[in-house]
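Here's the letter readout for the chains.
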Protein chains: 2
Amino acid sequence: MSNAPDVKLLGERADTMIRTLGSISAEPNRLFRAFLTPEHRKAADLVAKWMRAAKLDVSEDALGTVRGHWAGESKKRLLIGSHIDTVIDGGMFDGPFGVIAGILAVDHFTQAGRKLPFGIDVLAFGDEEGSRFPTTLTSSMACAGTFDNARLDMADKEGVTLRDAIVAYGKDPAALAEAAYKRGEAAAYVEVHIEQGPVLEYKKQPLGVVTSIAGQSYLNVEFLGEAGHAGTVPMMLRRDALAGGAEVILLAEKMARDTKGDVVATVGQLRIPSAASNVIAGNVALVVDIRSGSNAARQQFVDTFKTEIRAIAKRRELGLTITQTRDVATTPCDQSLQDGIAAAIRSVGGEPLELSSGAGHDGTAMAKLCPIAMMFVRCRGGISHNPAEYTSPSDMGLAVAALIRFIETVKL
Amino acid sequence: MSNAPDVKLLGERADTMIRTLGSISAEPNRLFRAFLTPEHRKAADLVAKWMRAAKLDVSEDALGTVRGHWAGESKKRLLIGSHIDTVIDGGMFDGPFGVIAGILAVDHFTQAGRKLPFGIDVLAFGDEEGSRFPTTLTSSMACAGTFDNARLDMADKEGVTLRDAIVAYGKDPAALAEAAYKRGEAAAYVEVHIEQGPVLEYKKQPLGVVTSIAGQSYLNVEFLGEAGHAGTVPMMLRRDALAGGAEVILLAEKMARDTKGDVVATVGQLRIPSAASNVIAGNVALVVDIRSGSNAARQQFVDTFKTEIRAIAKRRELGLTITQTRDVATTPCDQSLQDGIAAAIRSVGGEPLELSSGAGHDGTAMAKLCPIAMMFVRCRGGISHNPAEYTSPSDMGLAVAALIRFIETVKL
């Protein structure tokens, strides 16, 4: 292959673009870009400008997804996408870097005067974080042809429906179906994203291959004990709901640790109604977030976990309610595409660490359309959804170089 | 001793008095009588009426404490007291029964035409629950001569100071010092109170002897870990503050259980700032309430507990702050008076169970004045500070009969 990409230059360009895009916010002192807002408009315009500079044909669909098309020798297309919306007080890298990496990769081939056996579409989605409406991934669902029109009636905090927001953005809800790719047209979807976790940093690797996007179960656990005076009820006569809750927290941790990476489980929310320092807790409610790259491992974890919680309730004579409020299946990444990403990472000097993505991504929606793959990029301290989010220019340069290599070698 | 008390009749009279006093409330649908309010006034007037009917000389001090004096053969007095204020949405028995028991006991001697070697003062205090001002036990402190005038400037939620409330109640703050008993005048203080715990019921005994009013330590424990994404941070790289908190909750429980009754420890309040189901808790604050009849046992518990918490923080790599916000010493009950109460309980057919009071009482303040003793009466389910609070007429009858027996036999 001719003209090897200049990793340092690519990293610097990416960093400049990240900072320019990161300056577009609804608020002066923190980053916030929600779906179909004036900030979304400004960010989309900037992305479109970059795409045109890289000789991509730019269009927008009814949900505002910016699509930069680069023609190839066939009608087949490789889709490279990510999102340009953010959480409230978010970081600059989560989402935008995937779009920028796609644009810089295409620009590399444009500048080299290369033609590829397939076309490339770079996609900038606007609704991955779900920061505005009580739904998420609508823009990638529209591209995948799985958008459900019932979602048009969902309203944001101000009561504006998705339908009205689309119109206010200058688009036509009736044109939503046209956003969908035709079968056969989209050959594969690739997403480059910061890891949002600490594993690559811990393993001292800049890049990783995602094996799957984790499935997720949410269990709401409520214990009903007996409230009582902290001074007058002897230990042996207590039915302390919070002590039961404490056992569940440590059980979730121990069971997840015992899976040695197959499953992660977290209790991040615990509520004691009528809590007081001098009152034995009569009632406790907590939420357990369980994720795994394997549906079977997750299901087995949930089953065993429920059995163990029932045993805790029985031993402590506590009333118990367990409600499963979420059950999302794992999205596997395509093996052949994973191999291609791994080889590309090796070609830029990295050791392709395999990771399951614990966070959700647009790839989850795009997997309904075509095979998907994801490349993760190291981020400092694993910190994300936070202004302190940071990925170094050199890691970004390596990621773009690996993406270029992947595009050069992938068979679609 | 002549004319044995009619236990059944005493119980019925006590029950009627409890219900009459219990109907005096600031609100129509729940019981609430706070210090120096119109409800306090009405309750004090009713108590004074009952005292006069039992041939007690009634007076009130500057804090509204109703004092019914029954003259004896010497200037020495046995004080029998409790409180007539309540918590918000409280029960009818907590406090008032002790006052009623005193009045019924004196009435027994009045009706029998008996004279005793000592006088009796029945005291109805108005500030045991601390429901109005950010202070408590002021009325018993005034009687004990330990009232600190700085408390006069404390204000209730409406901004009314204790000083102004005293004036509004028709009393004179300058006369507060006169409320104090002279040394030698008060020979002993006895308080009859519902247990507010489940031990007597569990042991199937109507009455118990209080060995001490428990001392109390409050520890505020704060862990600082690292917030993180519940899906992306592997179990082994987490510094989960809530998991640390869960260990503290179970440690408090286990250590207290291991003392086999010497110490009770409770975590009733736990806060996760910025809690979210999908975020590893970066920060947790909880309060540990530790009580014991023994200062040494409580201190040893606190010391060991702190050491163990530090070990948890070290093992989990969590930042730790422990703040001791309360350190109240145990109030011991006088052994000779305890023996008298125990003998009196036996005389009415009970087995005098020894208990440490986990809750605070006016006896804590009165112990600065003279030797104190307390008798506990069984209450259903150990429930107190609740409209469901209940003590049966027959248990109340036994308590009054035992108090009469105690008065007949005590050497002061």
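Everything below is about the structure shown above.
Residues numbered from 1 in each chain as written. Chains lettered and ligands numbered in written order. Predicted model: local features only at pLDDT ≥ 70, side-chain atom pairs only at ≥ 80, totals over all residues. Heavy atoms only, no water.

> I would appreciate a short explanation of the packing of helix α9 (residues 335-347) of chain B against helix α11 (residues 393-409) of chain B in the present structure.
Between two packed helices, what matters for the description is the angle formed by their axes and the separation of those axes. Residues and elements named next belong to chain B. Where α9 meets α11, the axes come as close as 8 Å, and the angle between the chain directions of the two elements is 130 degrees. Considered as vectors, α9 and α11 are oriented oblique to each other. Of the two possible hands of crossing, α9 and α11 adopt the one that is right-handed. In this structure, α9 contributes Leu337, Gly340, Ile341, Ala344, Ile345 and Ser347 to the contact, and α11 contributes Ala402, Arg405 and Phe406. (Axes fitted to C-alpha atoms, helices over the stretch in contact; angles between N-to-C directions. Helix = DSSP H or I, 4+ residues; strand = E, 2+ residues; numbered from the N terminus. Parallel < 35°, antiparallel > 145°, perpendicular 65-115°, else oblique. Left-handed = near helix turned anticlockwise from the far one by under 90°. Contact = heavy atoms within 4.5 Å.)

> Quick question: what am I supposed to make of the sheet that holds strand β11 (residues 283-292) of chain A here?
Backbone-to-backbone hydrogen bonds join strands into a sheet, with any given pair of strands oriented parallel or antiparallel. Residues and elements named next belong to chain A. Strand order in the open sheet formed by four strands is β9-β11-β7-β12, with antiparallel pairing between adjacent strands. One side of each edge strand has no neighbouring strand; the edge strands of this open sheet are β9 (263-271) and β12 (319-328). When the angles between neighbouring strand axes are averaged without regard to direction, this sheet yields 20 degrees. Pairing of β9 with β11 involves eight bridges; the strand directions are antiparallel. Across the sheet, Thr266 pairs through a bridge with Asp289, a residue of β11. (Pairing = 2+ DSSP bridges.)

> I keep staring at the pairing of strand β6 (residues 207-213) of chain A and nothing clicks. Help me out?
Within a regular beta strand, the side chains point alternately toward one face of the sheet and then the other, so they alternate between its two faces. All names here are of chain A. Of all seven residues in β6, six are buried, a share of seventy percent or more. As paired strands, β6 and strand β15 (residues 372-377) are joined by three bridges and run antiparallel to one another. Residue pairing across strands places Val209 opposite Met375, the latter belonging to β15. Relative to strand β14 (residues 353-357), β6 runs parallel, the two being bridged by five bridges. What sits directly across from Val209, in β14, is Glu354. Where β6 and strand β13 (residues 331-332) come together, two bridges link them in antiparallel fashion. Pairing of Ser212 across the sheet is with Pro332, part of β13. (Buried < 20%, exposed > 50% of the residue type's maximum accessible area, 1.4 Å probe, protein only.)

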